[in-house]
Amino acid sequence: MIKRGKPAKNGQVKLTFTLPADQVRGEVSLVGDFNDWNPYAHPMRRGDDGTYQVTVTVPAHRGVSFRYLAEGGVWFDDPDADRHDQHGGHLDPIDPHARRIEVAGAPVLKNRDEQPLAAGAR
């Protein structure tokens, strides 16, 4: 699971990566272009619930590439990444599905039940 924070005024956003306990055996690190693929920069910590978790802070408007590196040199990808290729997972720090364009003073369109319409709804 990947949780995206809200962008801060300084242009940074926190990303929290969580792995279920049954997906990891031994130590695991989050590695990516944000830490020069250094396996020692962001080791994941095991929580009381058994999950592994780590939070990183990245520029809000620059996508990141990442993978996990587990004990024994085992690389694996996160199925919750926005997309995958031969270099691993890729993530837009600002959720592309949550983006909204707001225009000051524009009316909010509503459906027949007076509920605001979702983006792209008719």
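A quick note: this is a predicted structure, and the numbers were derived from the prediction, not measured.

## Here's the deal with the overall build of the chain
Okay, so step 1: Looking only at helices and strands, one finds 0 helices and 9 strands in the chain.
Okay, so step 2: Counting helices and strands in the order they occur from the N terminus, the chain gives β-β-β-β-β-β-β-β-β.
Okay, so step 3: For the chain, with 122 residues in total, the buried portion stands at 32%.
Okay, so step 4: Looking at the chain alone, contacts between residues at least 24 apart form 59% of all its contacts between residues at least 6 apart.
Okay, so step 5: Only carbon and sulfur atoms are counted for the fraction: they give 49% of the accessible area of the chain, which is about 8700 Å².

## A word on the pattern of salt bridges
If charged atoms from side chains of opposite charge come close, those side chains can pair.
Okay, so step 1: Tallied over the full model, the rule gives 4 salt bridges.
Okay, so step 2: Between D33 and R62 there is a salt bridge, with the nearest N and O atoms lying 3.9 Å from each other. Placement of the pair is D33 in the loop between β3 (28-32) and β4 (45-46) and R62 in the loop between β5 (52-59) and β6 (64-70), with a sequence separation of 29 residues.
Okay, so step 3: A salt bridge links D77 to R67; its shortest N-O distance comes to 2.6 Å. Taken together, the positions of D77 in the loop between β7 (74-76) and β8 (83-85) and R67 in strand β6 put the pair 10 residues apart, joining distant regions of the chain.
Okay, so step 4: With a relative accessible area of 27%, D77 lands in the partly exposed category.
Okay, so step 5: Exposure remark for R67: the relative accessible area of 21% places this residue in the partly exposed category.

## Some points on unusual backbone geometry
Okay, so step 1: Here D36, not a glycine, exhibits a phi torsion of approximately 55 degrees, which is positive.
Okay, so step 2: Checked against the element boundaries, D36 lands in the loop between β3 and β4.
Okay, so step 3: Backbone geometry at W37 places phi at a positive 60 degrees, although glycine is not the residue there.
Okay, so step 4: Position of W37 among the secondary structure elements: in the loop between β3 and β4.
Okay, so step 5: Assessed through its relative accessible area of 34%, W37 is described here as partly exposed.

## Notes on the confidence of the model for the chain
Okay, so step 1: Across the chain, pLDDT averages 82, with 77% of residues at or above 70.
Okay, so step 2: Averaged over each element, pLDDT in the chain is lowest for strand β9 (residues 88-91) (90) and highest for β3 (95).
Okay, so step 3: Low pLDDT, under 50, characterises residues 99-104; the predicted model gives this stretch 2 contacts beyond four residues in sequence or across chains.

Conventions adopted
- Residues numbered from 1 in each chain as written.
- Predicted model: local features only at pLDDT ≥ 70, side-chain atom pairs only at ≥ 80, totals over all residues.
- Heavy atoms only, no water.
- Helix = DSSP H or I, 4+ residues; strand = E, 2+ residues; numbered from the N terminus.
- Buried < 20%, exposed > 50% of the residue type's maximum accessible area, 1.4 Å probe, protein only.
- Contact = heavy atoms within 4.5 Å.
- Areas by Shrake-Rupley, 256 points an atom, 1.4 Å probe, with all protein chains shown as cover.
- Salt bridge = Lys/Arg side-chain N within 4 Å of Asp/Glu carboxyl O.
- pLDDT = per-residue confidence, 0-100.

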